[in-house]
Amino acid sequence: MFLVQTRMVCQNTLESKSLLLKEFCITKMKKLFIFLLFTLLLSEKYANAQTCEIDSVIELKTKNLIASAVSSALSKMQLTCQSVSGQGAFAVCPSGFIPTSCACGMACGSWDIRQNSVCHCQCARIDWTSARCCKISVGS
């Protein structure tokens, strides 16, 4: 409301012939504009700073909570591995174990894992196959 009144007074003054009043009005409008701009920018700065601070605190607490939960869960987990060998092209892992690597006789380096539990050597006339079988168990 104040801005509208000031503008109306200055507009009427600008239409008049008094040069001194015109300069006074222009100066007053400039100061008012700068004041409003400064107020707007200042309020934005503090509003964004508070938002960022709150976001930073929430992010930090979330990271700490996740790190704590992951650390707690990982400390209870145990990796158990064992080697299994078989004659021929297959080596079968015990129940609950998954093959993580295979080795083949006769210098064969071509193998695959079948059904998530069997190492299979793909070369012909393989005399032995070995598997490294692992499982992750959760302790208390």
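Going by the structure above, here's the rest.
To keep things clear, this report deals only with the structure shown in the data block.

Cut-offs applied
Residues numbered from 1 in each chain as written. Predicted model: local features only at pLDDT ≥ 70, side-chain atom pairs only at ≥ 80, totals over all residues. Heavy atoms only, no water. Pairing = 2+ DSSP bridges. Helix = DSSP H or I, 4+ residues; strand = E, 2+ residues; numbered from the N terminus. Axes fitted to C-alpha atoms, helices over the stretch in contact; angles between N-to-C directions. Salt bridge = Lys/Arg side-chain N within 4 Å of Asp/Glu carboxyl O. Buried < 20%, exposed > 50% of the residue type's maximum accessible area, 1.4 Å probe, protein only. Patch = residues over 30% accessible without salt bridge, like charges linked within 9 Å, V, L, I, M, F, W, Y side chains within 5 Å. Areas by Shrake-Rupley, 256 points an atom, 1.4 Å probe, with all protein chains shown as cover. Disulfide = S-S within 2.5 Å.

**Concerning the sheet that holds strand E6 (residues 128-138)**
With antiparallel pairing, three strands are arranged side by side in an open sheet as E1-E6-E3. With partners counted over all chains shown, the strands left at the sheet margins are strand E1 (77-87) and strand E3 (98-104), one partner each. The mean angle between the axes of side-by-side strands here comes to 20 degrees, regardless of whether they run parallel or antiparallel. Judged from the 11 bridges that link them, E1 and E6 form a sheet pairing that is antiparallel. Counted as the bridge partner of Gly86 is Thr129 from E6.

**Digging into the pattern of salt bridges**
Counting across every chain of the model gives two salt bridges. Residue Glu59 is joined to Lys63 by a salt bridge in which the shortest nitrogen-to-oxygen separation is 3.3 Å. Of this pair, Glu59 and Lys63 both sit in helix H2 (residues 19-76), four residues apart, roughly one helical turn. The partner of Asp112 in a salt bridge is Arg114, with the nearest N and O atoms 3.6 Å apart. With relative accessibility at 23%, the residue Asp112 sits in the partly exposed group.

**Some remarks on the sheet that holds strand E5 (residues 118-121)**
Read from one edge of the open sheet, three strands run E2-E5-E4, paired in antiparallel fashion. Looking along the sheet, the strands with just one partner apiece sit at the ends: strand E2 (90-92) and strand E4 (111-114). Neighbour-to-neighbour, the strand axes of this sheet turn through a mean angle of 20 degrees, independent of strand direction. As judged from the four bridges shared by E4 and E5, these two strands associate in the antiparallel manner.

**What about unusual backbone geometry?**
The residue Ala107 is not glycine, and still its phi comes out positive at about 60 degrees. You can see Ala107 is positioned in the loop between E3 and E4. A positive phi is found at Gln115, a non-glycine position, where the angle reads about 55 degrees. Mapped onto the secondary structure, Gln115 falls in the loop between E4 and E5.

**Quick look at the pairing of E6**
Note: E3 against E6, six bridges, orientation antiparallel. Its bridge partner lying in E6, Ala103 is registered against Ser130.

**Considering a nonpolar patch on the surface**
Where nonpolar side chains cluster on the molecular surface, the patch consists of Ile66, Val70, Leu74, Met77, Leu79, Ile136 and Val138 and spans about 720 Å² of accessible area. Contributions of two or more residues to the nonpolar patch are made by H2, E1 and E6. Take the nonpolar patch: its biggest share by element is three residues, from H2. Within the element layout of this structure, Leu74 appears in helix H2.

**Observations concerning the state of the cysteines**
For the structure on display, the rule yields five disulfides. In this model, Cys104 is linked to Cys121 through a disulfide, with the two sulfur atoms separated by 1.9 Å. Of note, the bridge from Cys104 to Cys121 carries an S-S torsion of about -95 degrees and is left-handed in sense. Of the two residues, Cys104 is situated in strand E3 and Cys121 in strand E5; the sequence distance between them amounts to 17 residues. A relative accessible area of 1% means that Cys121 is categorised as buried.

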